[in-house]
Amino acid sequence: MEQLTFGQFNLVYNMLSFAIAAMIFSGVFFVLARNRVAPQYRISLIVSTLVVGIAAYHYLRIFNSWEAAYIIGEAGNYVASGKPFNDAYRYIDWLLTVPLLLVELILVMGLASEKRSKMLTKLVIASFLMILLGYPGEIITGDTSMFSERGLWGLLSTIPFVYILYVLWGELGSTISNQSGKTGILLRNIRLLLLFTWGFYPIVYMAPFFGWEGATATVAIQVGYSLADVLAKAGYGLMIYAIARSKSEDEGYKIGRVVTAT
Ligand SMILES: *C/C=C(C)/C=C/C=C(C)/C=C/C1=C(C)CCCC1(C)C
């Protein structure tokens, strides 16, 4: 039966709590900052708000499930309470938020509408497949070594992941390099943020392949995914805001300008 030390249990507990705060208050910021960007970019901030809102809700559920799954034992350790820890919340969250994160990026690029809908369709389908194919491997119990079913589902899920990267670097590469100075730099940076934070998930997924087992793997996976989520959702949303702000400035939008009807 899995046992956690006092420190392990509380590390996850505090990380989950931090993630809730980061999601809620970044959402508050996106709402309050909407008038700082030109009207055509506000939709990106709205989508950012939805992403962190959906994540905040799921983190509350994950937090409650974590709290209920363990009870403090006689030796001061945490032992399983018998209620299973429900990690499906994470995947449901990703299924909704991952496509929305790609939508945010495409919207803030300001592509022509025909190209935009083509890109969105491809990216949204690929991101659905990536999450759906990863889930069966995540919940497998028993053999979780590299050459187990966990490894196979992980590999299948990596195919759409690589495709997403191909679209962002290959097909959208020229769109990004065509953007003006500061906006171009910000777009390249957000793509890198996406690469590093999204690239972190498959690495965390592989934790059991490196021989980490039981409590250590559980803690590593929970802390790893939570950190990655804060960067990939709240941090990413702030960069989307910076891009929207930079494009608004380029296009001559002034904060607080009074528009009078003529
Ligand atoms: C806010 C949540 C985000 C950005 C989640 C992203 C998740 C991934 C990029 C997950 C990718 C996976 C693989 C590429 C293979 C192994 C299974 C996954 C689902 C962890």
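Scroll up a little and you will see the structure.
This one's a predicted model, so the numbers in the text were calculated from it and none came from an experiment. (Residues numbered from 1 in each chain as written. Predicted model: local features only at pLDDT ≥ 70, side-chain atom pairs only at ≥ 80, totals over all residues. Heavy atoms only, no water.)

A short note on the sheet that holds strand S1 (residues 3-4)
Here is the rule: Only strands joined by at least two bridges in the DSSP assignment are considered to pair. Strands are runs of DSSP state E lasting at least two residues, helices are runs of H or I lasting at least four, and both sets are numbered from the N terminus onward.
On the basis of which strands lie adjacent, the open sheet formed by three strands has the order S1-S3-S2 and antiparallel pairing. The sheet is open, and its two borders are formed by S1 and strand S2 (70-72), each paired with just one other strand. As paired strands, S2 and strand S3 (residues 78-80) are joined by three bridges and run antiparallel to one another. Its bridge partner lying in S3, isoleucine 71 is registered against valine 79.

Some remarks on the layout of surface pockets
For the record, the criterion: The pocket and cavity definitions rest on a 1 Å grid over protein atoms only: a 1.4 Å probe that fits but cannot leave marks a cavity, an open set with protein on both sides within 12 Å along at least five of seven lines marks a pocket, and residues lining either have an atom within 4 Å of a point. Grid points are joined across faces, edges and corners, and a volume is the space filled by probe spheres set on the points. Any residue that is not Ala, Val, Leu, Ile, Met, Phe, Trp, Tyr, Cys, Pro, Asp, Glu, Lys or Arg is counted as polar, Gly included; the first ten are nonpolar and the last four charged.
Looking at the largest pocket, its volume works out to about 740 Å³. Glu2, Glu138, Ile140, Thr141 and Thr218 are the residues nearest the centre of the largest pocket, which is lined by 25 residues in total. With five residues, helix H8 (residues 214-250) is the largest single contributor of residues to the lining of the largest pocket. Tallied by class, the residues present in the lining of the largest pocket amount to eleven nonpolar, eight polar and six charged. By volume, the second largest pocket amounts to about 510 Å³. Forming the boundary of the second largest pocket are 26 residues, of which Ser157, Thr158, Tyr201, Pro202 and Tyr205 lie nearest the centre. Taken together, the elements giving at least two residues each to the lining of the second largest pocket come down to helix H3 (88-109), helix H4 (113-138), helix H5 (149-171), helix H7 (181-205) and H8. At seven residues, the largest contribution of residues to the lining of the second largest pocket is made by H5. Taken together, the residues that form the lining of the second largest pocket break down as 18 nonpolar, six polar and two charged.

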